[in-house]
Amino acid sequence: MMRRLALAALLALGACERSAGSPAPAKPSETTATSGSAAPTGSTMRTEGFDEALLAAAAPGALAGQVLDGSRRAAQNVIVYLTEAAPKTHYPPPAQAALIDQRDKAFVPRILAVLAGTKVAFKNSDLVLHNVYSRSHTKTFDLGAYPREETRSALFEEAGRVDVFCAIHTNMHAVILVMDNPYFATIDARGYFEIRGLSPGPHTLRVWSEQSDEQEVHVEIASNRPTILKHTLP
């Protein structure tokens, strides 16, 4: 009897020692993102500050530049244009119409610059009806209601701003700036623009955006090198 009790005690002591020496089960790993973490693959990150390499690649004689917003990142929906041109000069409009699509109940693009005399086509890519119209002084029109995959157009003959809406979806809004000369550009996703064909010498530009008042900029165009404009919106 005593021998069986001693053996049971020894077995219990060995089990305790093995349990105490066994490693604890591993916990799931936890990762904490920090301000220095890289952006996830596929995410969109707007670079801060001017891209000197991008600006250095501009063509000789061109006016090129970048427009940044108040956070020093690439601005959006900005148009840069020349305010003066040769007097009484006729600039023939492009033969092909400019296009504004209607997708997900929004105008795409929402901001468009065109030369006076340009036709703008408004395509409906939605399943619902749209009715494009404007009551602007520069251009008044109403294209009526039309269904998906149909396109209707309007001719923009006079320079100025045209605010465009949809009579069915009141939240839809686009702005068309009609220019009296072809020396204008809409900035891209990098905030970059380039205007070619300007004569050497002093020129006055305007920087237009919805987020701030229109600003006037004076530049001196060189013939043998690019003229670089670095502009930050207020």
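These figures come from a predicted structure and were not determined experimentally.

**Q** Explanation requested: the overall build of the chain in the structure shown.
**A** A tally of helices and strands in the chain yields 2 helices and 16 strands. Counting contacts in the chain only where the partners sit at least 6 residues apart, residues at least 24 apart contribute 58% of the total. As presented, the chain carries roughly 14,200 Å² of accessible surface, and 55% of it is formed by carbon and sulfur atoms.

**Q** Would you mind showing me how to read the pairing of strand S5 (residues 111-115) here?
**A** Within a regular strand, the side chains alternate between the two sheet faces. Buried residues dominate S5, accounting for 5 of its 5 residues. Side chains Ile 111, Ala 113 and Leu 115 of S5 all project onto a buried face; the interleaved residues Leu 112 and Val 114 project onto the opposite face, where all are buried too.

**Q** How should the side chain of Asp 163 be read in this particular structure?
**A** Residue placement: Asp 163 occurs in strand S10 (residues 160-166). Since its relative accessible area comes to 17%, Asp 163 is described here as buried. Among the polar contacts listed, one links the side chain of Asp 163 to the side chain of His 173, at a separation of 2.7 Å. Those residues within four positions of Asp 163 in sequence are excluded, and the remaining contacts are Tyr 133, Ser 134, Ser 136, His 173, Ala 174 and Val 175.

**Q** Just to check I follow, could you spell out the sheet that holds strand S16 (residues 227-232) for this structure?
**A** Neighbouring strands of a sheet are bound in pairs by backbone hydrogen bonds; such pairs are parallel or else antiparallel. With mixed pairing, the 3 strands of this open sheet are ordered in space as S13-S1-S16. The open sheet terminates on both sides in strands that have one partner only, identified here as strand S13 (192-195) and S16. Recorded for the sheet is a direction-independent mean angle of 20° between the axes of neighbouring strands.

**Q** Looking at this model, I keep getting lost on the environment of Val 207. Mind explaining?
**A** Here Val 207 shows up in strand S14 (residues 201-209). When its relative accessible area of 1% is taken as the criterion, Val 207 is described as buried. In the structure, Val 207 is positioned 21 residues away from Thr 186 in sequence and 9.9 Å away in space, judged by C-alpha atoms. Setting aside residues up to four positions removed in sequence, Val 207 forms contacts with Val 78, Ile 79, Val 80, Asp 213, Glu 214, Gln 215, Val 217, His 231 and Leu 233.

**Q** Just checking my understanding: could you explain the packing of aromatic side chains for this structure?
**A** Within a pair of aromatic rings, the relevant descriptors are the distance that separates the centres and the angle that separates the planes. Taken as a whole and assessed by the stated rule, the structure comprises 4 aromatic pairs. Considering the side-chain rings of Tyr 91 and Tyr 183, the 6.2 Å spacing of their centres and the 85° angle between planes classify their relative orientation as edge-to-face. With Tyr 91 in the loop between strand S2 (78-82) and strand S3 (98-103) and Tyr 183 in the loop between strand S11 (173-179) and strand S12 (184-186), this residue pair connects regions lying 92 residues apart in the sequence. Assigned by exposure class, Tyr 91 and Tyr 183 land together as buried.

**Q** Where do I start with the pattern of salt bridges in this structure?
**A** Charged atoms that come close allow side chains of opposite charge to pair. This structure, assessed with the given rule, holds 13 salt bridges. For Arg 110, the salt bridge identified is with Glu 210, shortest N-O distance 2.7 Å. Of this pair, Arg 110 sits in the loop between strand S4 (106-108) and S5 while Glu 210 is found in the loop between S14 and strand S15 (215-221), placing the two residues 100 residues apart along the sequence. A relative accessible area of 29% places Glu 210 in the partly exposed class. Shared partners join several salt bridges into a network, and the residues in it are Arg 206, Glu 214 and Glu 216.

**Q** Can you help me understand the nonpolar core in this one?
**A** One recurring pattern in soluble globular proteins: nonpolar side chains tend to sit buried together. Among the nonpolar cores identified, the biggest contains 30 residues, and Leu 63, Val 67, Ile 79, Phe 193 and Ile 195 are the most heavily contacted of them. Where this core is concerned, the elements lending two or more residues are strand S1 (63-68), S2, S5, S11, S12, S13, S14 and S15. When residues of this core are assigned to their parent elements, the largest contribution, 5 residues, is made by S2.

How each quantity is defined
- Residues numbered from 1 in each chain as written.
- Predicted model: local features only at pLDDT ≥ 70, side-chain atom pairs only at ≥ 80, totals over all residues.
- Heavy atoms only, no water.
- Helix = DSSP H or I, 4+ residues; strand = E, 2+ residues; numbered from the N terminus.
- Contact = heavy atoms within 4.5 Å.
- Areas by Shrake-Rupley, 256 points an atom, 1.4 Å probe, with all protein chains shown as cover.
- Buried < 20%, exposed > 50% of the residue type's maximum accessible area, 1.4 Å probe, protein only.
- Polar contact = N/O pair within 3.5 Å; in protein donor to acceptor, adjacent residues only side chain to side chain.
- Pairing = 2+ DSSP bridges.
- Axes fitted to C-alpha atoms, helices over the stretch in contact; angles between N-to-C directions.
- Phe/Tyr/Trp six-rings, centres within 6.5 Å; stacked < 30°, edge-to-face > 60°.
- Salt bridge = Lys/Arg side-chain N within 4 Å of Asp/Glu carboxyl O.
- Core = buried A, V, L, I, M, F, W, Y, C linked by side-chain atoms within 4.5 Å.

Purely spatial values, then, with no claim about function.
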